[in-house]
Amino acid sequence: MAQKTLAGKNLEVTDEGYLQDFNQWNEDIAREIAREEGIELGDEHFQVLNFLREKYQEGANLTIRKVGKSGITDIKGFYKLFPGGPLKKASKIAGIPKPTSCV
Amino acid sequence: MKKIVILGAGTGGTIMANKLRKVLSRDQWEITIVDKDKTHYYQPGFLFIPFGIYNKNDVIKPKSDFLPPGVQVIYNGIDKIEPNNTQVLLEGGQVLQYDYLIVATGTDISPEETPGLKDGSLWRKEIFDFYTLDGAVALREFFRDWEGGRLVVNIAELPFKCPVAPLEFSFLADAYFTEAGIREKVDITFVTPLSGAFTKPKASRMLGDLLEEKNIRVVPDFYLESVDNEKKVIRSYDEQEIPFDVLTIVPVNTGSSLVERSDMGDDLNFIPTDKYTLQSKNHENIFVLGDASDIPTSKAGSVVHFASEVVYENLLSAIENRPLKAQFDGHSNCYIETGYGNGSIIDFNYDTEPLPGTFPLPGVGPFGLLQNTKMNHYGKVLFRWIYWHILLKGKEMPIESQMTMAGKKS
Ligand SMILES: Cc1cc2nc3c(=O)[nH]c(=O)nc-3n(C[C@H](O)[C@H](O)[C@H](O)COP(=O)(O)OP(=O)(O)OC[C@H]3O[C@@H](n4cnc5c(N)ncnc54)[C@H](O)[C@@H]3O)c2cc1C
C-alpha cells in the first residue's frame, strides 16, 4: 500500500499505482496518471475510460476484446490510444483495479 | 411428472445425470440429457497424442457407457434455450420443457475468430491445434517426419480451458525432440497474452524457471491479431511479428453457439453465473456447470468435478424451496506434465494462489505441490483411469471438493 498525491489529492494506491478507491477518481487524476504513462488524454480516451468504469461497476470481466466490441474503438485503435499494455494502462488511468486474467 | 433437462453430456453433464438419478425418485422426476455427439472424449488425453504417447483409441469411449439407466438420452444438436418459456428447442424442431435446467455445454475452439487461421492455406498442414482430436492427430502425423525448425506455441485469447495445457505441450515437445535427437534443431517459443508463463505469481515463477531450464523462449504480452500464411508469421495488435515453421495454437475459446442463439452469454458466449451458488444470474431455475459458465476460475475437469457437488446440493435445495446454501470456492487442481516422466501439481481457489507443499495429505503427499517429481506424473497417468471409472460416474473421490490449506506453505 502506498500514498500518492494526484491532482492535489492525497490518495491510497497499490504498489503498482492503481487507485484503491474507485470513487476518488476524477478526470484530473486521470490526466495526471496518463501523463506519467506518457499519454495525453483526448475525447476518445475518456470514452474508453468511462466505458471501463461502467463495465467494472457492473461486475463484468474486462477484456481487450470487450473494449474492441464497445463501438468506441476497435482493438487496434485501443492499442494506439494506450500503447503497450492497453487494458492494464487504461484500467490504471480509469481508477479501477489492475485487471486479473483468471486462468 | 417434473422435469430436469441437462444440456451437454460431457464431463459435467454426465456427472450430474449420475448423481441426480441416484437420489430423485423415478416416479416424480424425469431426467433428460442431450448431446450432439455419441462419443465421450477424454480431452486431457489430447495433449499426449502429438507425441505418440496416446493414440485416438485411448481417449474415446461411447457416451452411453457412462449414462445411468433411467435417464432419457437424446443425441441431437441443441438449437436454443428459451428461458422465459422454460423450454429448449432441439435442431429438427423437438421441444423439451423443463422445471430445472443444467447447462453443461462446455467451451470449444473458434479458430474462425482469428483472420488467417482456419481460412489460410496452412491450417492443419503447418498450423495445428491440439484441443480437438482431429487437430492432435494431424499434429502427430506432422511431428513424425519433421526435421526441425521454429516451433511456436501460441495462446490466442483468455480465458481458455485447461490453462496449463500449452505449457505442458511445450515441456513435452522439449522432451520429445530431445529423445528424437534433434532438439538442437528445434527452436521452441511460447507466445502468450499473459505477462508471464502463468497468472498466479508463485506458479508463474516456478513454471517460468522450468521453461528457461528447458531452453524454451517466452514472449509475454502478445495479443494475437492475425496469422500471415505467406510470410509465416503471427502478428499482434501492436504489430509484433513472430516467425514460425510450425505453429501450435490454442485458438479463441468460446462457449457453445447455442448460448449466443439463446442470447444468454457474454461476448465469448460464456453464461453469467453466480460464482458461489452456480445458479444463472438471470434465471433462477437454471444452473450452469463447468466450462460453459463465466466464473473466475480455471476451465478444467477438476473444477467441473468440484463444482458438481455444489450444483447437486443447490439444485436439491431449490427443488425443496430451501435457500441455496452450498457455495463454490473456485477450487481447481491441475497436474502438470513437465516431460521425462516428471510432473508438477497446483491446487488453488478464488482466493488462494497455488502454494508449495504436499497434497492431499499434509507433510506426506504423495504429491508435491509446485514441485517437479515422478509421483506427480503418475498422478496424471492415473487421472485417466479415475476419470473413466470414478469421476464421470459421480462417485466419491478421495479429495475434498473444498480447497484446504493443510499441507500448503504460504
Ligand atoms: C488438451 C486439453 C487438455 C486438458 N487437460 C486437463 C487436465 O489435465 N485436467 C483437467 O482437469 N482438465 C483438463 N482439460 C479440460 C477438461 O477436459 C474440461 O474442462 C472439461 O471436460 C469440461 O467439462 P464440461 O462438462 O464443462 O464440458 P465438455 O466436457 O466439454 O462437454 C460439453 C458437451 O456439450 C456438448 N455440446 C455443446 N454444444 C452443443 C450443442 N449445441 N448441441 C448439443 N450438444 C452440445 C458437446 O458435444 C460436449 O459433449 C483439458 C482440455 C483439453 C482440451
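Being a predicted model, the structure only gives us computed values, none of them experimental.

What counts, and where the lines are drawn
- Residues numbered from 1 in each chain as written.
- Chains lettered and ligands numbered in written order.
- Predicted model: local features only at pLDDT ≥ 70, side-chain atom pairs only at ≥ 80, totals over all residues.
- Heavy atoms only, no water.
- Domains from an automatic or database assignment.
- Contact = heavy atoms within 4.5 Å.
- Buried area = accessible area lost by both parts, 1.4 Å probe.
- Salt bridge = Lys/Arg side-chain N within 4 Å of Asp/Glu carboxyl O.
- Helix = DSSP H or I, 4+ residues; strand = E, 2+ residues; numbered from the N terminus.
- Nonpolar A, V, L, I, M, F, W, Y, C, P; charged D, E, K, R; others polar.
- Polar contact = N/O pair within 3.5 Å; in protein donor to acceptor, adjacent residues only side chain to side chain.
- Pairing = 2+ DSSP bridges.
- Axes fitted to C-alpha atoms, helices over the stretch in contact; angles between N-to-C directions.
- Near = heavy atom within 4 Å.
- Areas by Shrake-Rupley, 256 points an atom, 1.4 Å probe, with all protein chains shown as cover.
- Buried < 20%, exposed > 50% of the residue type's maximum accessible area, 1.4 Å probe, protein only.
- Right-handed = clockwise from strand over helix to strand, strands pointing away.
- Phe/Tyr/Trp six-rings, centres within 6.5 Å; stacked < 30°, edge-to-face > 60°.
- Lys NZ or Arg CZ within 6 Å of the ring centre and 35° of its normal.
- Parallel < 35°, antiparallel > 145°, perpendicular 65-115°, else oblique.
- Left-handed = near helix turned anticlockwise from the far one by under 90°.

**Description of the domain arrangement of chain B**
Residue and element names in this part refer to chain B. When cut into domains, chain B gives domain 1 (2-106 + 256-319), domain 2 (118-252) and domain 3 (332-391). Its C-alpha centre places domain 1 at a distance of 26 Å from the equivalent point of domain 3. Between domain 1 and domain 3, the contact holds 24 residues from the first and 11 residues from the second. Taking both partners together, domain 1 and domain 3 bury about 1700 Å²; carbon and sulfur atoms supply 67% of that area. Scanning the region where domain 1 abuts domain 3 turns up 1 salt bridge. Among the salt bridges present, the one from D58 reaches R384, with a minimum N-O distance of 3.8 Å. For the side of domain 1 that touches domain 3, the element with the most residues is helix 6 (residues 301-319), which contributes 4 residues. In terms of residue class, the side of domain 1 that touches domain 3 is built from 15 nonpolar, 6 polar and 3 charged.

**Remarks on the interface of chain A and chain B**
Tallying the contact residues gives 14 residues for chain A and 25 residues for chain B. Summed over both sides, the interface between chain A and chain B buries roughly 1700 Å², with carbon and sulfur atoms accounting for 52% of that surface. One can count 6 salt bridges joining chain A with chain B. With its nearest N and O atoms 3.6 Å apart, the salt bridge here joins B:E239 to A:K76. Where chain A packs against chain B, one counts 6 residue pairs in polar contact (both at pLDDT 80 or more). Looking at the side of chain A that touches chain B residue by residue, the classes come out as 5 nonpolar, 4 polar and 5 charged.

**Things to note about the sheet that holds strand 13 (residues 186-191) of chain B**
Residue and element names in this part refer to chain B. Taken in spatial order, the 5 strands of this open sheet run 11-18-12-13-14, and their pairing is parallel. Where the open sheet ends on each side, the last strands, each with one partner, are strand 11 (127-128) and strand 14 (217-219). Relative to strand 14, strand 13 is paired through 3 bridges, and the arrangement is parallel. Bridging across to strand 14, F190 finds its partner in V218. Those strands touched by helix 3 (residues 165-179) are strand 12 (149-155), strand 13 and strand 18 (246-250), and its axis lies near 175° from that of strand 13.

**Focus on the site of the ligand**
All names here are of chain B. Close to the ligand lie 29 residues, the nearest being T11, G12, D35, S302 and K380. A distance of 2.6 Å is found between an oxygen atom of the ligand and a side-chain nitrogen or oxygen belonging to D35. Within the side chain of K380, one N or O atom sits 2.8 Å away from an oxygen atom of the ligand. Contact with the protein chains covers 94% of the free accessible surface of the ligand, which is 1000 Å².

**Topic: the pairing of strand 2 (residues 29-35) of chain B**
All names here are of chain B. Most of strand 2 sits inside the fold, with 6 of its 7 residues counted as buried. Each parallel crossover has a hand, and the one from strand 1 (residues 2-7) via helix 1 (residues 11-23) to strand 2 is right-handed. Taken together, the 5 bridges between strand 2 and strand 5 (residues 71-75) define a ladder with parallel strand orientation. When the bridges of strand 5 are listed, D35 appears paired with Y75.

**As for the packing of aromatic side chains**
Within a pair of aromatic rings, the relevant descriptors are the distance that separates the centres and the angle that separates the planes. All names here are of chain B. Evaluation of the coordinates by the stated rule reveals 30 aromatic pairs over all chains. Judged by centre distance (6.5 Å) and plane angle (45°), the rings of Y42 and F383 are tilted. Taken together, the residues span a long stretch of sequence, with Y42 in the loop between strand 3 (39-41) and strand 4 (60-62) and F383 in helix 7 (residues 374-391) at a distance of 341 residues. On the accessibility criterion, Y42 (2% relative accessible area) is buried. On the basis of relative accessibility, which here comes to 18%, the residue F383 falls in the buried class. Plain terms: the ring middles of F130 and Y131 are 5.2 Å apart, the flat faces sit at 70° to each other, and that makes the pair edge-to-face. In this structure, F130 and Y131 share a single accessibility class: buried. A network of ring pairs unites the aromatic residues F51, F128, F130, Y131, F142, F143, W146, F169, Y176 and F177 as a single cluster. Lying across the ring of W388, K61 places its NZ or CZ 5.3 Å from the centre.

**Notes on the packing of helix 1 of chain B against helix 6 of chain B**
All names here are of chain B. At a minimum axis distance of 10 Å, the contact between helix 1 and helix 6 shows a crossing angle of 40°. For the element pair helix 1 / helix 6, the angle class is oblique. Read as a crossing pair, helix 1 and helix 6 show a hand that is right-handed. Contacts between helix 1 and helix 6 involve T11, G12, I15, M16, K19, L20 and V23 from the former and V304, H305, S308, E309, V311, Y312, L315 and L316 from the latter. Along the lines of polarity and charge, the residues of the contact of helix 1 with helix 6 split into 9 nonpolar, 4 polar and 2 charged.

**Examining the side chain of B:H331**
All names here are of chain B. Structurally, H331 is set in the loop between helix 6 and strand 21 (332-339). The buried category is assigned to H331, whose relative accessible area is 1%. There is a polar contact of 2.8 Å between the side chain of H331 and the side chain of D347. Within the structure, the side chain of H331 is placed 3.4 Å from the backbone nitrogen of M403, a separation counted as a polar contact. Setting aside chain neighbours within four positions, we find H331 in contact with V303, F306, D347, F348, N349, E400, S401, Q402 and M403.

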